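Remarks on the overall topology
The chain contents come next:
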Amino acid sequence: MEAYPREELDSEGCTIPLTDQDPFDSNRLKPVAKMLVEFDGLSYTVDSRTEKSKKILEDVSGCFRPERLTTIIGPSGAGKTTLLRIVSTLKTTNVRGSITVNGKECDSDVFRKQACFLPQQFALSPLLTVRETLYIAARLKVQGIQGPHAFYSIVAEIAENLNLTNNLDTLVENLSGGEQKRLSIGVEIVTKPSILLLDEPTTGLDSASSNQVIGLLHKIARGGCTVACVIHQPSSRMISQFDDLLIIHNGKSFYYGTWDDVFSTFCDAGYTCPQFYNIAEFVLEVVSGERDGDLNNLYKICSVKCANWKTNIRNSSTIGTDVRIASNCRQIVNKPKQLSTWQQQKTLLSRAIICIKRDNTLTKLRFAAHVLVAFLLGVVFYDSGNNASRIQSNIACVFFVLLFLYFANSMPAVQMFPIEAAVFLREYLNNWYNLKSYFSVKIISDLPLQILAPSVFIAITYYITGQPMECDRFLRTWLICILTTILGQSSGMLVGAAFDTQIGVFLIPAINMPIILFAGFFIKFSEVTPYLQPLCFISFFRFRLL
Ligand SMILES: Nc1ncnc2c1ncn2[C@@H]1O[C@H](COP(=O)(O)OP(=O)(O)OP(=O)(O)O)[C@@H](O)[C@H]1O
């Protein structure tokens, strides 16, 4: 096996311990299998069925080795993120080329169970503490252990490795950017993934936090994981922690190999990095054509060297003995299976209850709005239900009740759901739980407020506006109000999930206003032009008036 340098000096002369005796502290955090990921001739085109097709990647090759930290660098827009998304199998359409794991082609479902992709914007539940975030991740992802103590020991172990022990009881929303980044890595390494792919994990962090994150990735890699990340402008100190490098330029792989070899490869083509110059900056300046020299010659030299390096890796005894080569990719990807739906629901419900309890500002505001508007309606339409001469006012009151319940519940959902949806999407795509568990828990956890708020609202309004005190009438009105509330929140969530908040805030009224027009409050069904009459049937407000 290739020997790691025992220690190196960074640009500031500090010693960075880089020993193979400094792997990830815990055996439990080592991956089940070491995986060599190779990709050859990857091409990706967008809108390929139209004439305006655009080639994003063209003939990109390279490999990510187990136990090594690979960095992907390249100018902005070169295609680095796209490459990571393709390798992590999140992008599969319009992709050509091959991706193999330990020499075998892997299907995306199987691959996703062993690989974790961390996007640049990593969504975490802001209202959970670090301890709760890690605990819930462990409960959802780790199998074969029982009792909270076992899970808490995993939490303590990971927090220690992430250097987050002092922040265990801090809310995620109060963590610094670097701590949030480390936590986001922590929630994914709970299940010992074999492959960890990260998109710009240091973006937005200061140099100390960036070094901490890179140091953590280095440790994870040494534990046996295949780690690859996109990095912008790595410092000299960071570079000393990296093993392999992939340079992407204009959608093509320019160089892949070790960081140690890049200097000599560029020298062979006549490009010499000045002393004390950041090598990453230098190679980017070269590939962007900012330095004089024969780029075509460099490209040829790189192609030959990279192909040889890859062949050596494939044939090396390290891969043959250390990496468990399975005859079929499915054999090594035996874990993690998901927990049973019931266990997933239990954990998701406990998380939802914590979030509802902590998110009490919005909950209290929603509740207060229902009570205040109920009294306002009561004052404005006082006793209108008892007075036959005020039938128009009474209809207006009913109309306003429905309008308020629908919009008061759909608009907050449009605003809030995208945050929750981002967390859900990450967890779902990384195979934490199934859709059924999430959806059922979402319905159950939202139901108490969906019932309580409109119940209080209609009880106050019904009484003050003098509606008939008959049990069945009140129950029907109450049921309509509950259903309107659920419909409002569900449509808000649907629009919030499908579009971003800005479009959602426009769409909800834009869709519902025409629907309200045909609800029968303003114009009778018989007076509607025949070809517009079908719109009356899709106006759900109309059915509440009947
Ligand atoms: N769906 C799309 N339609 C059109 N162009 C796209 C699409 N997706 C990506 N691109 C283009 O592909 C190129 C590569 O994008 P990508 O996000 O992979 O670059 P990057 O190297 O990660 O950039 P950066 O370092 O700035 O994040 C960009 O020019 C981008 O505009």
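Residues numbered from 1 in each chain as written. Predicted model: local features only at pLDDT ≥ 70, side-chain atom pairs only at ≥ 80, totals over all residues. Heavy atoms only, no water.

This part is about the overall build of the protein chain. Counting its regular elements, the protein chain contains 20 helices and twelve strands. In the protein chain, which comprises 546 residues, the share counted as buried stands at 50%. A separation threshold of at least 6 residues defines the contact pool for the protein chain, and within that pool the share at least 24 residues apart is 72%. Summed over its atoms, the accessible surface of the protein chain is roughly 26300 Å², and 56% of this surface lies on carbon and sulfur atoms. (Helix = DSSP H or I, 4+ residues; strand = E, 2+ residues; numbered from the N terminus. Buried < 20%, exposed > 50% of the residue type's maximum accessible area, 1.4 Å probe, protein only. Contact = heavy atoms within 4.5 Å. Areas by Shrake-Rupley, 256 points an atom, 1.4 Å probe, with all protein chains shown as cover.)

Glancing now at the layout of surface pockets. In this structure, the largest pocket encloses a volume near 990 Å³. Together, 36 residues line the largest pocket, and Cys 355, Ile 356, Asp 359, Glu 420 and Lys 442 are the ones closest to its centre. Looking at the lining of the largest pocket, the elements that each hand over two or more residues are α13 (341-358), α14 (360-380), α15 (391-429), α16 (435-464) and α17 (471-498). It is α16 that provides the largest number of residues to the lining of the largest pocket, a total of ten residues. For the lining of the largest pocket, the per-class residue count stands at 23 nonpolar, six polar and seven charged. (1 Å grid on protein atoms, 1.4 Å probe; cavity = no way out; pocket = protein on both sides within 12 Å on 5 of 7 lines; lining within 4 Å. Points joined across faces, edges and corners; volume = space filled by probe spheres on them. Nonpolar A, V, L, I, M, F, W, Y, C, P; charged D, E, K, R; others polar.)

Now for the site of the ligand. The ligand sits among 13 residues. The nearest are Ser 76, Lys 80, Thr 81, Thr 82 and His 232. Between the ligand and His 232, the relevant distance is 2.8 Å, taken from an oxygen atom to a side-chain nitrogen or oxygen of the residue. Protein contacts shield 61% of the accessible area of the ligand, which totals 640 Å² for the unbound molecule. No other element matches the three residues that helix α1 (residues 80-87) contributes to the shell around the ligand. Grouping the constituent residues of the shell around the ligand by class yields four nonpolar, six polar and three charged. (Near = heavy atom within 4 Å. Polar contact = N/O pair within 3.5 Å; in protein donor to acceptor, adjacent residues only side chain to side chain.)

With that settled, the discussion passes to the packing of α17 against helix α18 (residues 501-517). Running from N to C, α17 and α18 cross one another at 140°; their axes reach a closest spacing of 9 Å. It follows that α17 is oblique to α18 by the angle criterion. The element α17 and its partner α18 pack so that their crossing is right-handed. Between α17, through Ser 491, Gly 492 and Val 495, and α18, the contact on the second element is made entirely by Gly 504, Leu 507 and Ile 508. Here the residues of the contact of α17 with α18 sort into three nonpolar, three polar and no charged. (Axes fitted to C-alpha atoms, helices over the stretch in contact; angles between N-to-C directions. Parallel < 35°, antiparallel > 145°, perpendicular 65-115°, else oblique. Left-handed = near helix turned anticlockwise from the far one by under 90°.)

Our focus in this paragraph is the pairing of strand β9 (residues 195-199). Judged by how many residues are buried, β9 sits mostly within the fold: five of five residues are covered. Because side chains alternate across β9, one face comprises the buried residues Ile 195, Leu 197 and Asp 199, and the other comprises Leu 196 and Leu 198, equally buried. Two strands pair when backbone bridges link them, and strand β8 (residues 115-118) and β9 are joined in this way by four bridges, in the parallel orientation. Note that in β9 the partner of Phe 117 across the bridge is Leu 197. (Pairing = 2+ DSSP bridges.)

Our focus in this paragraph is the side chain of Thr 347. By the secondary structure assignment, Thr 347 is in helix α13. Judged by relative accessible area, which is 7%, Thr 347 ranks as buried. In this view, Thr 347 contacts Ile 136, Arg 139 and Leu 140; residues no more than four positions away in its chain are not counted.

Once that is clear, we can look at the UniProt feature "transmembrane region" (unreviewed entry) in the protein chain. Taken from the UniProt record, the annotation "transmembrane region" (unreviewed entry) applies to residues 367-384, 391-408, 447-465, 477-499 and 505-523. End-to-end, the C-alpha atoms of residues 447-465 are 27 Å apart, and along that stretch the chain is 95% helix and 0% strand. (UniProt positions renumbered as here; feature names shortened; annotations may be inferred.)

Residues Leu 83, Ile 185, Leu 196, Leu 217, Ile 247 and Phe 266 are the most contacted members of the largest nonpolar core, which totals 111 residues. Apart from the residues lying within four places of it in its own chain, the contact partners of Leu 83 are Phe 39, Leu 42, Leu 57, Val 60, Ile 72, Leu 246 and Ile 248. (Core = buried A, V, L, I, M, F, W, Y, C linked by side-chain atoms within 4.5 Å.)

Throughout the structure, instances matching the rule amount to 17 salt bridges. Between Arg 358 and Glu 132 there is a salt bridge; the shortest N-O distance is 2.8 Å. Pair noted here: Arg 358 is in helix α13 and Glu 132 is in helix α3 (residues 130-141), with a separation of 226 residues, a long-range link. Among the ionic contacts, a cluster of salt bridges with common partners joins Lys 141, Glu 188, Arg 351, Arg 426 and Glu 427. (Salt bridge = Lys/Arg side-chain N within 4 Å of Asp/Glu carboxyl O.)

Along the chain, Val 398 falls in helix α15. Linking Val 398 and Asp 243, residues 155 residues apart in sequence, is a C-alpha distance of 69 Å.

With that settled, the discussion passes to the sheet that holds strand β7 (residues 104-105). Working definition: the strands of a sheet are paired by backbone hydrogen bonds and lie parallel or antiparallel to each other. The four strands lie next to each other as β4-β3-β6-β7, forming an open sheet whose pairing is antiparallel. For this open sheet the edge positions go to β4 (54-64) and β7, each flanked by a neighbour on one side alone. Both strand β6 (residues 95-101) and β7 contribute to a ladder of two bridges, which runs antiparallel. What sits directly across from Thr 100, in β7, is Glu 105. Its contacts with the sheet place helix α10 (residues 295-315) against β3 (37-46) and β4, and it is angled at close to 130° to β3.

Right, let's talk about the packing of aromatic side chains for a bit. This model, assessed by the stated rule, comprises 14 aromatic pairs. Each residue in the set Phe 424, Tyr 428, Tyr 433 and Tyr 438 is aromatic and connected to the rest through ring pairs, giving one cluster. The ring of Trp 432 is capped by Arg 426, whose NZ or CZ atom sits 5.4 Å from the centre of that ring. (Phe/Tyr/Trp six-rings, centres within 6.5 Å; stacked < 30°, edge-to-face > 60°. Lys NZ or Arg CZ within 6 Å of the ring centre and 35° of its normal.)

A cluster of nonpolar side chains, namely Leu 425, Tyr 428, Leu 429 and Leu 435, defines an oily patch on the protein surface of about 340 Å² accessible area. Ranked by residues supplied to the nonpolar patch, first place goes to α15 with three residues. For Leu 429, a relative accessible area of 32% translates into the label partly exposed. (Patch = residues over 30% accessible without salt bridge, like charges linked within 9 Å, V, L, I, M, F, W, Y side chains within 5 Å.)

Within the fold, Thr 226 resides in strand β10 (residues 226-230). Judged by relative accessible area, Thr 226 falls into the buried class, the value being 1%. Within the local environment of Thr 226, its side chain forms a polar contact with the backbone oxygen of Met 35, the two atoms lying 2.4 Å apart. Apart from residues lying up to four places away in sequence, Thr 226 is in contact with Met 35, Val 37, Phe 64, Arg 65, Pro 66, Glu 67, Arg 68, Ser 194, Ile 195 and Leu 196.

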